[in-house]
Amino acid sequence: MDDIRKQIAEIVDRETRAWDTQDVELLLTVFHPDMVWPWPRTPQSHDPMDWVIEWGRYDYERWKSGWQKLFDTHRLARNIRRTRKIEISKEGDGAFAVVDIDTLWIDAAGAENHWQGRVCKVYAKMGVEWKMTMHIGVLDYSDKGW
């Protein structure tokens, strides 16, 4: 299981590098073809009744264009990420990572887009590699003692 844990940590770190360098091609390497990414409307939206799906199922061109637009229109002021937990299925074919993030984007007008809180990244093994199948957007658990 230590080898799997290292593989999942590498994907989390690769995703972080993609954000840090604003490398959309690197970012897209982590996603499974069936990836779906629900987003809480706010970091306090713990109830999924208040979540949305912005882009639907993973589509290379649509997601590439969307993330590239963010990179082209915003400056990354900070991107602090700390992996808190990696959990692996007993079968060794599924895993998730809990990551605390503090990512701040600033657009040309100075408006901030702040992603701060805890996320859950879910992975499945596809042949010899792991891919992200789902990601719960940023939620704030500060009132829960983390």
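Look up a bit, the structure's there.
Cut-offs and rules
Residues numbered from 1 in each chain as written. Predicted model: local features only at pLDDT ≥ 70, side-chain atom pairs only at ≥ 80, totals over all residues. Heavy atoms only, no water. Helix = DSSP H or I, 4+ residues; strand = E, 2+ residues; numbered from the N terminus. Buried < 20%, exposed > 50% of the residue type's maximum accessible area, 1.4 Å probe, protein only. Contact = heavy atoms within 4.5 Å. Core = buried A, V, L, I, M, F, W, Y, C linked by side-chain atoms within 4.5 Å. Salt bridge = Lys/Arg side-chain N within 4 Å of Asp/Glu carboxyl O. Pairing = 2+ DSSP bridges.

Moving on, we come to the environment of Leu27. Relative to the elements of secondary structure, Leu27 occurs in helix H2 (residues 24-28). Classification of Leu27 as buried rests on a relative accessible area of 0%. Linking Leu27 and Met132, residues 105 residues apart in sequence, is a C-alpha distance of 11 Å. For Leu27, the contacting residues outside a window of four places in its chain are Glu15, Ala18, Trp19, Trp67 and Phe71.

For soluble globular proteins, the rule of thumb is that nonpolar side chains tend to be buried together. Counting 32 residues, the largest nonpolar core has Ile8, Trp19, Phe31, Trp63, Trp67, Trp115 and Tyr123 as the members making the most contacts within it. Listing elements by their share of this core, those giving two or more residues are helix H1 (2-21), H2, strand E1 (31-36), helix H3 (60-73), strand E4 (74-88), strand E5 (94-107), strand E6 (112-126) and strand E7 (129-139). Ranked by the residues each element gives to this core, the list is headed by H1, at six residues. Not counting residues within four places of it along the chain, the set of residues in contact with Trp115 comprises Trp19, Trp67, Leu70, Arg81, Ile101, Asp102, Thr103, Trp105 and Val138.

For the coordinates displayed, the defined rule picks out 10 salt bridges. Here Lys85 makes a salt bridge to Glu87, at a shortest N to O gap of 3.8 Å. Overall, Glu87 belongs to the partly exposed group, its relative accessible area being 35%. One salt bridge connects Lys131 with Glu129, and the closest N-O pair in it is separated by 3.8 Å. The exposure class assigned to Lys131 is buried, which follows from its relative accessible area of 13%. Linked through salt bridges whose partners overlap, the residues forming this network are Arg84, Asp100 and Arg118.

Despite not being glycine, Gln22 shows a phi value in the positive range, around 55°. Positionally, Gln22 belongs in the loop between H1 and H2. Owing to a relative accessible area of 25%, Gln22 belongs among the partly exposed residues under this scheme.

With that out of the way, let us pick up the pairing of E7. Of all 11 residues in E7, eight are buried, a share of seventy percent or more. Bridging between E1 and E7 involves two bridges; their strand directions are parallel. Among the inter-strand pairings, Phe31 is bridged to a residue of E7, identified as Met132. Sheet topology places E6 next to E7; eight bridges connect them, and they run antiparallel. Paired with Cys120 across the two strands is Ile136, which belongs to E7. In sequence, E6 turns back onto E7 through a hairpin of two residues, with Gly127 there showing a positive phi of about 65°.

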